[in-house]
Amino acid sequence: WWPEEIVPHLDAWVGLGVLDPYMVLGAMLRVDRARTVAWLRGRLRTSDMAAVLRALSFVAGEHVTELAPDLLDLVRRLDPPQRPPVYNALVGLRAPGTEALLLAELSAGIPDGLRSAAAVELLNLGGDEGHARLAKLLAEGDGAVLDTVLRRARTLGDRGVPPVLV
């Protein structure tokens, strides 16, 4: 049982470092999952980006799959430079629609940094369609995708780059 009076103060206590957010939220999730998911949903909808990032980290780490549709909505609301942490959380959840979203972010006209972040997460996701699209972009000489694949190869070697991209 989690006292109702604690939830409104949780953000402040976490922000002040009084409580470890992962310990508190993990306990809350085990005690009352529905209420904790609702609270996390509220954090994802706030304009406070620090609160959003804390919630994203927890959602991905604890695999709170109920919030995958909220993450897809969040990507649409955020400015492009703020999207990569959401991509990462979606990939961690293996949320339906993630590959389609990342493929759309690779379209022309998207800033290279965002395209690179989408390419990283497509590599992490491991879908055939995503890898085929990355291979096509490499063949077309896409600089952001090339840099991403080369960084991945330097960091992880052959095991980090799918054969279709070699």
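Turning our attention to the overall build of the protein chain. Across its full length, the protein chain holds 10 helices and 0 strands. Secondary structure elements of the protein chain occur, N-terminal to C-terminal, as α-α-α-α-α-α-α-α-α-α. The proportion of buried residues among the 166 residues of the protein chain is 43%. By sequence separation, contacts in the protein chain at least 24 residues apart represent 56% of the contacts at least 6 residues apart. Counting only carbon and sulfur atoms, one obtains 57% of the accessible surface of the protein chain, whose full area is about 8,700 Å².

Here the focus is helix α5 (residues 68–77). Taken together, the buried positions of α5 are occupied by Ala68, Asp70, Leu71, Leu72, Leu74 and Val75. On its buried face, α5 is in contact with α3 (33–44), α4 (49–61), α6 (84–93) and α7 (98–105).

Inspection of the entire model under this criterion finds 8 salt bridges. Across the salt bridge formed by Glu105 and Arg83, the nearest N and O atoms sit 2.9 Å from each other. Taken together, the residues Glu105 in helix α7 and Arg83 in the loop between α5 and α6 connect sequence positions 22 residues apart. When the shortest N-O distance is used, the salt bridge between Glu140 and Lys136 registers 3.0 Å. Because the salt bridges share partners, they merge into one network encompassing Arg41, Arg45 and Asp70.

A word on the side chain of His131. For His131, the location among the structural elements is in helix α9 (residues 128–139). Judged by relative accessible area, which is 10%, His131 ranks as buried. For His131, the residues in contact, after removing those within four places along its chain, are Leu122, Leu123, Gly126, Pro162, Val164 and Leu165.

By size, the foremost hydrophobic cluster in this structure holds 46 residues, and its most contacted members are Leu40 and Leu71. For this core, the leading source of residues is helix α8 (residues 112–125), giving 7 residues. Once residues lying within four places of it in the same chain are set aside, the contact partners of Leu71 are Leu44, Leu56, Val59, Val86, Ala89, Leu90 and Leu93.

This part is about the packing of aromatic side chains. Evaluated as defined, the whole model comprises 0 aromatic pairs. Taking the ring centre of Trp39 as reference, the NZ or CZ of Arg43 above it sits at 5.7 Å.

What counts and how
Residues numbered from 1 in each chain as written. Predicted model: local features only at pLDDT ≥ 70, side-chain atom pairs only at ≥ 80, totals over all residues. Heavy atoms only, no water. Helix = DSSP H or I, 4+ residues; strand = E, 2+ residues; numbered from the N terminus. Buried < 20%, exposed > 50% of the residue type's maximum accessible area, 1.4 Å probe, protein only. Contact = heavy atoms within 4.5 Å. Areas by Shrake-Rupley, 256 points an atom, 1.4 Å probe, with all protein chains shown as cover. Salt bridge = Lys/Arg side-chain N within 4 Å of Asp/Glu carboxyl O. Core = buried A, V, L, I, M, F, W, Y, C linked by side-chain atoms within 4.5 Å. Phe/Tyr/Trp six-rings, centres within 6.5 Å; stacked < 30°, edge-to-face > 60°. Lys NZ or Arg CZ within 6 Å of the ring centre and 35° of its normal.

So far we have only geometry, and geometry alone does not tell us how the molecule works.
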